[in-house]
Amino acid sequence: MSKKLKLLAVFAHPDDESMGTGGVLAKYASEGVETYLICATRGERGWFGSDETNPGFERLGLIRTKELEAAGKILGLKEIHFLDYIDGDLDQADHNDAAGKIAAHIRAIKPQVIITFAHDGSYGHPDHIAISQFTTAAIIQAADASFVDSSNNSPHRVSKLYYFVDSEAFADAFIKYMGEIEFPVDDQVRGEAAWKDWMITTRVDISSHWKTVWDAISCHQSQLPSLGPMLDLPEDEIRKLLILQGTFYRVFSFVNGGRMSETDLFEGLR
Ligand SMILES: [Zn+2]
């Protein structure tokens, strides 16, 4: 197929793209696929230092915007779009407003494939769960001729939607290096939610891109304290962890199907 292949990633915070899906973004960009990112917030609440040294929402948002732009260059992203919601408040956003904004970007970019968080938000983060829901709704809106977006773009039907998911192998390795994630939300303690092997529809080999991923992650300087013990690991151990990513759940596809596992997000489109 001579049509330009386009991949759109939709995430909540600067660093989600590198830590979650840096491997596929780097791989597909290196193969000439146009890769785009929509980032819902500028990560204004992601401060790991003391309260006294916190630069504040606006300044931290600017710092993290720059960090994301640097990571985007390394990953080969063609464009980054911010929705300018506030970090931590995304699940409170008006759902029609949020889905509509994403739908307008989908119509402007016209990607065949979209990737976002799964409904478990990786470890239960409400912003991650919210962006997964908004993105899934936005795909329907983008294709619906009765929805008129502010830029008057023509409707666009996305061919495939994927949720990026953590395999048990990745979760086991992650916990070994980093310990269990304990993420309190309301009165629950949430954490890493590994997907069984049989639930994973798609395994993309990203092993030759692990160094690019690590370089992109390293651009998010303000977030590195969250990686804790990982920062002290020898590179070979980091490699062993990062190459376990690239696992996805195919939510829908108009171009292929069946229970055999795929190795390419664009299978059926080439
Ligand atoms: Zn995040």
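Before any of the text, the structure's been laid out above.
Read on for a plain summary of the structure. Computed from a predicted structure; not experimentally measured.

**Remarks on the coordination of the zinc ion**
At the metal site, the zinc ion is ligated by His13 (ND1), Asp16 (OD) and His128 (NE2), and these contacts range over 2.1 Å. Along the chain, the residues donating to the zinc ion fall in the pattern H-x2-D-x111-H.

**Describing helix 6 (residues 168-178)**
Within the span of helix 6, buried status applies to Phe170, Ala171, Ala173, Phe174, Tyr177 and Met178. Each buried residue of helix 6 lies within a common arc of 165° when the element is viewed along its axis, so the set occupies one face. Exposed and facing more than 90 degrees away from the buried side of helix 6 are Asp172 and Lys176. Against helix 8 (235-242) lie the buried residues of helix 6. Among the residues trailing helix 6, Gly179 stands out with phi positive, at a value near 85°.

**Considering the sheet that holds strand 1 (residues 6-11)**
On the basis of which strands lie adjacent, the open sheet formed by seven strands has the order 3-2-1-4-5-9-8 and mixed pairing. With one partner strand each, in any of the chains shown, strand 3 (79-85) and strand 8 (202-203) form the two edges of the open sheet. For strand 5 (residues 160-164) and strand 9 (residues 247-253), the ladder comprises five bridges, and the chain directions are antiparallel. Bridged to Tyr163 within strand 9 is Tyr249. Set on the sheet, helix 1 (residues 16-30) makes contact with strand 1, strand 2 (34-41), strand 4 (113-117), strand 5 and strand 9; between it and strand 1 the angle comes to about 175°.

**A look at the pairing of strand 2**
Taken across its eight residues, strand 2 has eight buried, putting it largely inside the fold. In this sheet, strand 2 lies alongside strand 1 in parallel orientation, the contact comprising six bridges. Each residue of the ladder has a partner; that of Val10, found in strand 2, is Ile38. In this structure, strand 2 lies alongside strand 3, joined through five bridges in parallel fashion. Its bridge partner being in strand 3, Ile38 is matched across the sheet by His81. Handedness of the crossover joining strand 2 and strand 3 through helix 2 (residues 57-75) is recorded here as right-handed.

**Points about the side chain of Gln223**
Within the secondary structure, Gln223 is located in the loop between helix 7 (210-219) and helix 8. There is a polar contact of 2.9 Å between the side chain of Gln223 and the backbone oxygen of Gly46. Here the side chain of Gln223 touches Ser222 through a polar contact of 2.8 Å, side chain to side chain. Filtering out sequence-adjacent residues up to four positions away, Gln223 remains in contact with Asp15, Met19, Gly46, Phe48 and Arg64.

Conventions used here
- Residues numbered from 1 in each chain as written.
- Predicted model: local features only at pLDDT ≥ 70, side-chain atom pairs only at ≥ 80, totals over all residues.
- Heavy atoms only, no water.
- Donors = N, O, S within 2.8 Å, 3.2 Å for Na, K, Ca; no water.
- Buried < 20%, exposed > 50% of the residue type's maximum accessible area, 1.4 Å probe, protein only.
- Helix = DSSP H or I, 4+ residues; strand = E, 2+ residues; numbered from the N terminus.
- Arc of directions from axis to C-beta.
- Contact = heavy atoms within 4.5 Å.
- Pairing = 2+ DSSP bridges.
- Axes fitted to C-alpha atoms, helices over the stretch in contact; angles between N-to-C directions.
- Right-handed = clockwise from strand over helix to strand, strands pointing away.
- Polar contact = N/O pair within 3.5 Å; in protein donor to acceptor, adjacent residues only side chain to side chain.

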